[in-house]
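# Working through the structure, step by step
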Amino acid sequence: FFDYGGDMKPLQCFKTGAGRAIYSFPVRSFPTLTNNVYVIDDGQQYVLIDAGSGMERPNADLLAGFNAISEHLGRPFSLADIGTILITHGHIDHFGGLPFVRQYTAAPIGVHILDRRVLSNHEERVVFSYRRLETFLEGAGVPAEDRLVLMSVYLFAKTYYRSTPVQFLLEEGSPTVGGFGVIHVPGHCPGQVCLQVDDVLLTADHVLSRITPHQAPESITHHMGLSHYLDSLGKIERLTGFRLGLGGHEAPIEDVPGRIAAIRTAHDERLGKVMDICRAPKSIAAISAELFGRVDSYHVLLALEETGAHVEYLHQRGELIAANLEEIEATSRPVVKYVRA
C-alpha cells in the first residue's frame, strides 16, 4: 500500500494539444520510493517540476534524466538550461534536491504559500512537526520506547536538506509561468498543487495511478487530513479541459475521474473497517495494528498516520466517540480510546 516503487520508463516525452513537450524521468528518492521529475518546454523556457529528495542516488538520477533529454534533443542540455522551478508540494522527496539543483542554476523557485516555510525555513518546520508528531503518537497509545524509534525514523533524510529561499508563490486562479493553471488541493500536503499544462494535468501526489496517496491527521499539520483531501478530489472531478494525468509517482493516468472514484471507494472501505474495529474501545495504535497488520520501519509511522487520519475524520463527524472520557479529563497526556457512537 505504501510502496511508490518505480514502474516508469527511463525517459518519456508527452506532447500537449498545444504542442508543448513534457519530459518525464524517474529518480529513486529512497530505496522503495521512486519519483517522477518533469521538465516542460513551454516554448520560451524550460520549467523543472520537482527535484527529488536530494540524496546521492536521486541527484545522480536527476543528472541522468537531463542527459537522456539531451540525447533526445540531439544537443547539450543540462540543469543550467532551466528557467523556472516549480515545487508541487512540501514533501522531502519532491523538494529535497533543491540545494543540489542550486549548484547548477539560479532559476526562481515557486511553491504554494502553505508550503513556503517548509522550503525556506525548514529547520523551524522540522522542530514544530516533530513535537506535534510526538504528541500524536503518545495520544495514539504508542509505547515510549517505540516512539523514540519512530521519531528517529521520522527525522531520517530531513537533516540533509538546507533551507532554500522561495522567489514566488503558486496561487490558484493565477496562471503561473507558461500560463499553467494552478489548482490548490490540500490534504496529502497543505500546499499541494496540481498544474494544468494545456490538456495535460500534473496531478503530483494528489491522484496516483495505482495507490491511494498517504493521509495524515490534521492534528499534526494544519490543512492536511482526510476531510481536506476528499474535498480537494472534488476540485479535480469538476475540472475540465484535460485528457491525461501525470502523477508525482507511478504511471500516467488515462482516466483521472475513474481513478478518483477508485480512491474514494478505497477510503470508504477503510472508514468502514475502522468502524468495524471500533465495536470495542481501541486506541489508534491498536486500530492501526488491526487495519494494516505487521509493517516495518517507516511504514509503521505511515500506518499510524493513515489510521489517525481516518479516525480523526470519523470522530469529527460523530461516528466515533471517546470511550474513556473520564480518564481523558483527569490525565494531562491521555491515550484516547475510540468506540462507535
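Rules behind the numbers
Residues numbered from 1 in each chain as written. Predicted model: local features only at pLDDT ≥ 70, side-chain atom pairs only at ≥ 80, totals over all residues. Heavy atoms only, no water. Helix = DSSP H or I, 4+ residues; strand = E, 2+ residues; numbered from the N terminus. Buried < 20%, exposed > 50% of the residue type's maximum accessible area, 1.4 Å probe, protein only. Pairing = 2+ DSSP bridges. Axes fitted to C-alpha atoms, helices over the stretch in contact; angles between N-to-C directions. Contact = heavy atoms within 4.5 Å. Parallel < 35°, antiparallel > 145°, perpendicular 65-115°, else oblique. Nonpolar A, V, L, I, M, F, W, Y, C, P; charged D, E, K, R; others polar. Core = buried A, V, L, I, M, F, W, Y, C linked by side-chain atoms within 4.5 Å. Salt bridge = Lys/Arg side-chain N within 4 Å of Asp/Glu carboxyl O.

### Topic: the side chain of Thr 34
Mapped onto the elements, Thr 34 comes out in strand S3 (residues 33–41). Accessibility expressed as a relative area gives 6% for Thr 34, which makes it buried.

### Looking at the sheet that holds S3
One open sheet accounts for seven strands, arranged S1-S2-S3-S4-S5-S6-S7; its pairing is mixed. Each end of this open sheet is capped by a strand with a single partner; those strands are strand S1 (12–15) and strand S7 (168–170). Here the strands of the sheet are splayed against their neighbours by 30° on average, with no regard to which way each runs. Of the pairings in the sheet, the one linking strand S6 (residues 109–112) to S7 comprises three bridges and is parallel in character. Along S7, the bridge assignment pairs Val 111 with Leu 169. Each of S1, strand S2 (21–30), S3, strand S4 (46–49) and strand S5 (82–86) touches helix H1 (residues 56–73); the most contacted strand, S2, lies at about 155° to it.

### Structural notes on the packing of helix H6 (residues 144–155) against helix H10 (residues 298–316)
Orientation of H6 relative to H10, taken along the N-to-C sense of each, is 100°, at an axis distance of 9 Å. Here H10 runs roughly perpendicular to H6, going by the angle between their axes. Contact with H6, carried on its side by Leu 150, Val 153 and Tyr 154, involves Tyr 298, Val 300, Leu 301 and Leu 304 of H10 and no other residues of that element. Looking at the contact of H6 with H10 residue by residue, the class counts come to seven nonpolar, no polar and no charged.

### A word on the nonpolar core
Side chains of a nonpolar character, in soluble globular proteins, are inclined to be buried together. Counting residues in each nonpolar core, the largest one holds 43 residues, and the members touching the most others are Leu 133, Leu 137, Ile 236, Val 274 and Leu 320. When contributions to this core are tallied by element, the ones reaching two or more residues are helix H5 (122–140), H6, helix H7 (226–238), helix H8 (256–277), helix H9 (284–292) and H10. Looking at this core element by element, the count peaks at seven residues for H8. The residues contacting Ile 236, other than those within four sequence positions of it, are Ile 183, Val 185, Cys 194, Leu 201, His 206, Phe 242, Val 256 and Ile 260. Counting residues in hydrophobic clusters, the runner-up holds 33 residues, among them Phe 30, Val 39, Tyr 46 and Ile 87.

### Some remarks on the pattern of salt bridges
On inspection of all chains with the given rule, the structure shows 13 salt bridges. The closest approach of N and O atoms between Arg 117 and Glu 124, which form a salt bridge, is 3.3 Å. Taking the relative accessible area as the measure of exposure, Glu 124 reaches 36% and is therefore partly exposed.

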